[in-house]
Amino acid sequence: MADISGLRKQYNDKSNLFLEENIKTKEPIQLFNEWFDIIKKDPRTVEPNAACLSTCTKDGFPSARYILIKGFGKDGFRFFTHYTSRKGKELEENPRAALTFYWDFCSRSVRIEGVVEKLPFANADEYFKSRPYQSQIGALCSDQSNPVENREALFEKEVKLKSIYVEGEVPRPPKWGGYLLKPMVIEFWQGQTDRIHDRIRFRLPKDGEPDGILTKQGEDGWIYERLYP
Ligand SMILES: Cc1cc2nc3c(=O)[nH]c(=O)nc-3n(C[C@H](O)[C@H](O)[C@H](O)COP(=O)(O)O)c2cc1C
């Protein structure tokens, strides 16, 4: 076994905040928006909207993969994919999912958990049209998550599709579309130089849940707590 136990980064970025003391909003989507705005403008960021999407079969077997978030707001976080993919099948039988962002340059992570629903195909059409030609062809080429003979077979499919569809006329694959993850839990993690990291978890309280002594009232129905790191 390769011993990588000594790999450890010192979190000493000046932009590290002490969460809670510094956050102005008590509403997690607004806070996410504030973080995202800073992160997407930072030259050190590569794909700020990349997040690990975790899904689960109905029997409880989890699987995870990266996706690109294509929008977020009070209604949730949206992403696009093939409905017939492994993640699509798992979401069909168990529409619960989690998203995990990690931005290493500023030692921040956000974890989101909630329920997922399909977006109307009109949203998929609109986004698909805005994608570059090669991305559209790529989506049309792919029977995502299913075995393919070899790379050559993919290439032949690509060439064939390009001979049929010119730029601007690639149809959206019928089973390709969007999902909206509606969050119930959103946790903000800020790594600290002293390794005593900050964790603030926002969540929507369960019906009739009594107030915990360490639970604080947020905005828009959210409550929040500081967690041990
Ligand atoms: C940074 C990154 C972004 C990705 N974005 C997407 C995406 O938005 N949609 C998608 O279907 N696959 C995306 N992929 C590919 C997925 O990680 C994955 O390979 C694919 O969706 C099949 O996953 P599944 O077999 O679990 O369904 C991305 C991969 C990476 C590394």
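An unreviewed UniProt entry lists the chain under the name pyridoxal 5'-phosphate synthase, with Rhynchophorus ferrugineus given as the organism. Of the chain, the UniProt comment under Cofactor (unreviewed entry) reads exactly: "FMN". Per its UniProt entry, the chain bears the Function (unreviewed entry) comment "Catalyzes the oxidation of either pyridoxine 5'-phosphate (PNP) or pyridoxamine 5'-phosphate (PMP) into pyridoxal 5'-phosphate (PLP)."

### Thoughts on the overall build of the chain
When helices and strands are tallied, the chain shows five helices and nine strands. Tracing the chain from N to C terminus, the helices and strands come up as α-β-β-β-α-β-β-α-α-α-β-β-β-β. With the principal axes as the frame, the chain shows a C-alpha extent of 65 × 45 × 35 Å. The buried share of the chain, reckoned over its 229 residues, is 43%. In the chain, once contacts between residues fewer than 6 apart in sequence are set aside, the share between residues at least 24 apart is 66%. About 13,900 Å² of surface is accessible on the chain, with carbon and sulfur atoms providing 54% of the total. Separation between the mean location of the 36 positive side-chain charges and that of the 35 negative ones in the chain comes to 1 Å.

### Considering the site of the ligand
With respect to spatial proximity, the complete set of residues near the ligand consists of E47, R65, Y66, I67, L68, F80, T81, S85, R86, K87, Q144 and S145. At 2.6 Å from an oxygen atom of the ligand is found a side-chain nitrogen or oxygen belonging to T81. Taking 610 Å² as the accessible area of the ligand by itself, protein coverage stands at 65%. Of all elements in the fold, only strand 2 (62–73), strand 3 (76–82) and helix 2 (86–93) reach the threshold of two or more residues within the shell around the ligand. Per-element tally for the shell around the ligand: the top contributor is strand 2, with four residues. Its residues assigned to classes, the shell around the ligand shows four nonpolar, four polar and four charged.

### Things to note about the packing of aromatic side chains
The description of two aromatic rings rests on the distance between their centres and on the angle between their planes. Overall, the coordinates contain 18 aromatic pairs when judged by the stated rule. Here F32 and W103 contribute two aromatic rings whose centre-to-centre distance is 6.2 Å and whose plane-to-plane angle is 55°, an arrangement assigned as tilted. Of this pair, F32 sits in helix 1 (residues 28–41) while W103 sits in strand 4 (residues 96–103), and the two are 71 residues apart along the sequence. Judged by relative accessible area, F32 falls into the buried class, the value being 1%. Looking at W103, the relative accessible area reads 3%, which means it is buried. Among the aromatic residues, ring-to-ring pairing joins F32, F36, F72, F77, F101 and W103 into one connected group.

### Focus on the UniProt feature "domain: Pyridoxamine 5'-phosphate oxidase N-terminal" (unreviewed entry) in the chain
In the numbering used here, UniProt assigns the "domain: Pyridoxamine 5'-phosphate oxidase N-terminal" (unreviewed entry) feature to residues 47–153. In this annotation, residues 47–153 is assigned 28% helix and 42% strand; the end-to-end C-alpha distance for the span is 30 Å.

### Looking at the nonpolar core
Core analysis: the biggest nonpolar cluster contains 32 residues, and L99, W103 and V110 have the highest contact counts within it. Counting residues per element, this core draws most heavily on helix 1, which supplies six residues. Residues contacting L99, with those up to four places away along its chain left out, are A51, C52, L53, I67, I69, F77, V110, R111, I112 and L181. With 14 residues, the next largest nonpolar core counts F80, I137, L161 and L180 among its residues.

### Points about the side chain of R172
With respect to the element layout, R172 can be found in the loop between helix 5 (151–164) and strand 6 (176–190). Within the structure, R172 has its side chain in polar contact with the side chain of D125 (distance 2.6 Å). Polar side-chain contacts of R172 include one of 3.4 Å to the backbone oxygen of P174.

### Quick word on helix 2
Along helix 2, the residues classified as buried are K87, G88, E90 and L91. The arc that holds every buried residue of helix 2, seen down its axis, measures 165°, which confines them to one face. Along its buried surface, helix 2 packs onto strand 1 (50–56), strand 2, strand 3, strand 4, strand 5 (108–118) and strand 6.

### Things to note about the side chain of Q136
If you trace the backbone, Q136 turns up in helix 4 (residues 133–141). Here the side chain of Q136 touches F128 through a polar contact of 2.8 Å, landing on its backbone oxygen.

What counts, and at which threshold
Residues numbered from 1 in each chain as written. Predicted model: local features only at pLDDT ≥ 70, side-chain atom pairs only at ≥ 80, totals over all residues. Heavy atoms only, no water. UniProt positions renumbered as here; feature names shortened; annotations may be inferred. Helix = DSSP H or I, 4+ residues; strand = E, 2+ residues; numbered from the N terminus. Buried < 20%, exposed > 50% of the residue type's maximum accessible area, 1.4 Å probe, protein only. Contact = heavy atoms within 4.5 Å. Areas by Shrake-Rupley, 256 points an atom, 1.4 Å probe, with all protein chains shown as cover. Lys, Arg positive; Asp, Glu negative; His and termini not counted. Charge placed at Lys NZ, Arg CZ, Asp CG, Glu CD. Near = heavy atom within 4 Å. Polar contact = N/O pair within 3.5 Å; in protein donor to acceptor, adjacent residues only side chain to side chain. Nonpolar A, V, L, I, M, F, W, Y, C, P; charged D, E, K, R; others polar. Phe/Tyr/Trp six-rings, centres within 6.5 Å; stacked < 30°, edge-to-face > 60°. Core = buried A, V, L, I, M, F, W, Y, C linked by side-chain atoms within 4.5 Å. Arc of directions from axis to C-beta.

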